[in-house]
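# Geometric and topological summary
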Amino acid sequence: MKIGIFGGVFDPIHFGHLQGGEGARVSLGLDKVLFTPSHIPPHKPKSYASSKDRIAMVNIALEENQNFICLDIEAKREGISYTIDTAKEIKRLYGENEYYFIIGQDTIPELPTWKDYKTLILLVKFVAIKRSDFSYTDPDITIIEYPTLPVSSTMIRERIKQGLSIKYLVPDGVLKYIQKHGLYM
Ligand code: ATP
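So, here's what we can say about the structure. Just so it is clear, the model here is predicted, and its values are computed rather than measured.

Within the largest apolar cluster, 35 residues are counted, with the highest numbers of intra-cluster contacts made by Ile-13, Phe-35, Met-57, Leu-62, Ile-102, Ile-166 and Ile-178. Those elements giving two or more residues to this core turn out to be α1 (15–28), β2 (32–37), α2 (51–62), β3 (68–70), β4 (98–104), β5 (125–129), α6 (153–161) and α7 (172–181). With residues near it in sequence (within four places) discarded, Ile-13 still touches Leu-18, Phe-35, Met-57, Val-58, Ala-61, Leu-62, Val-170 and Val-174.

Here helix α4 (residues 83–94) is 12 residues long and its end C-alpha atoms lie 16 Å apart, about the 16 Å a rise of 1.5 Å per residue gives. Those residues of α4 that sit buried are Thr-83, Ile-84, Thr-86, Ala-87, Glu-89 and Ile-90.

Turning our eyes to something else, we now look at α2. A rise of 1.5 Å per residue sets the reference length of α2, with its 12 residues, at 16 Å; its end C-alpha atoms lie 16 Å apart and thus fit the reference within 8%. Turning to α2, its buried residues number three or more, namely Ser-51, Asp-53, Arg-54, Ile-55, Met-57, Val-58, Ala-61 and Leu-62. Among the structural elements, α1, β2, β3, α3 (73–77) and α7 are those in contact with the buried residues of α2.

Our focus in this paragraph is the packing of aromatic side chains. Here the structure, examined in full by the defined rule, presents 9 aromatic pairs. On the basis of an interplanar angle of 55° and a centroid distance of 5.4 Å, the ring pair of Phe-101 and Phe-126 is categorised as tilted. One end of the pair, Phe-101, is in strand β4; the other, Phe-126, is in strand β5, with 25 residues separating them in the sequence. In terms of burial, Phe-101 and Phe-126 fall into one category: buried. Between Trp-114 and Phe-126, the aromatic rings sit 5.8 Å apart at their centres with planes inclined by 75°, giving edge-to-face as the arrangement. Pair noted here: Trp-114 is in the loop between β4 and α5 (117–123) and Phe-126 is in strand β5, with a separation of 12 residues, a long-range link. For the residue pair Trp-114 and Phe-126, the accessibility class agrees, reading buried in each case. An aromatic cluster of at least three residues, connected via ring pairs, comprises Phe-6, Phe-10, Phe-35 and Phe-68. Over the face of the ring belonging to Tyr-82 we find Lys-115, whose NZ or CZ atom lies 4.7 Å from the ring centre.

Parameters and conventions
Residues numbered from 1 in each chain as written. Predicted model: local features only at pLDDT ≥ 70, side-chain atom pairs only at ≥ 80, totals over all residues. Heavy atoms only, no water. Core = buried A, V, L, I, M, F, W, Y, C linked by side-chain atoms within 4.5 Å. Buried < 20%, exposed > 50% of the residue type's maximum accessible area, 1.4 Å probe, protein only. Helix = DSSP H or I, 4+ residues; strand = E, 2+ residues; numbered from the N terminus. Contact = heavy atoms within 4.5 Å. Expected span 1.5 Å × (residues − 1). Phe/Tyr/Trp six-rings, centres within 6.5 Å; stacked < 30°, edge-to-face > 60°. Lys NZ or Arg CZ within 6 Å of the ring centre and 35° of its normal.

Set out below in structure tokens:
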């Protein structure tokens with residue numbers, strides 16, 4: 001099988017993430033895309049919603065797509081979520097397959113700072129979703145062209161704080177979850 005791993009904080013998940021996952025699925029012919037919300041992200045100051053809430057929102061967003069699966073292994077492992085540990089664990093769970101790790105194009109420059117990067121690239125092949133505001137490239141990384149909304153989780157959180165609408169920026173179920181639990185206010 002060809003399996004995509006889409007790591008992120010998903011704080012919250014938005015349509016840009018889903019479009020990126022779909023772009024990777026169709027352009028690489030992936031059988032599954034595994035969304036793996038981090039517990040404690042190594043490269044960000046903190047997460048805003050708990051991993052329980054972020055996982056719940058990812059599950060809601062993926063509900064109607066059989067090719068997309070939410071894995072809660074990083075939350076279960078606790079501590080800082082290093083991709084090297086996640087990649088090894090996914091290999092243990094799913095066995096020998098072709099693994100692709102999906103990132104946004106903005107993440108390309110930070111990859112060499114990831115823990116055990118040299119070992120990591122032996123386990124997964126990195127692919128990057130084109131983002132309109134970025135032009136980073138790397139000879140070893142395939143850039144995936146697929147239309148994605150120029151939104152970020154930061155933008156969504158800021159809009160909520162300012163009382164602005166986020167309708168059609170996140171799936172309706174995610175919007176309802178955010179409202180019900182009073183997240184990001
Ligand atoms: P934040 O604004 O909090 O930094 P984010 O929206 O970038 O969050 P992450 O959960 O950090 O979301 O993203 C996971 C991955 O998804 C990252 O590699 C990021 O580059 C990519 N990504 C995020 N938004 C988009 C988008 N609109 N289009 C394509 N890729 C995206």
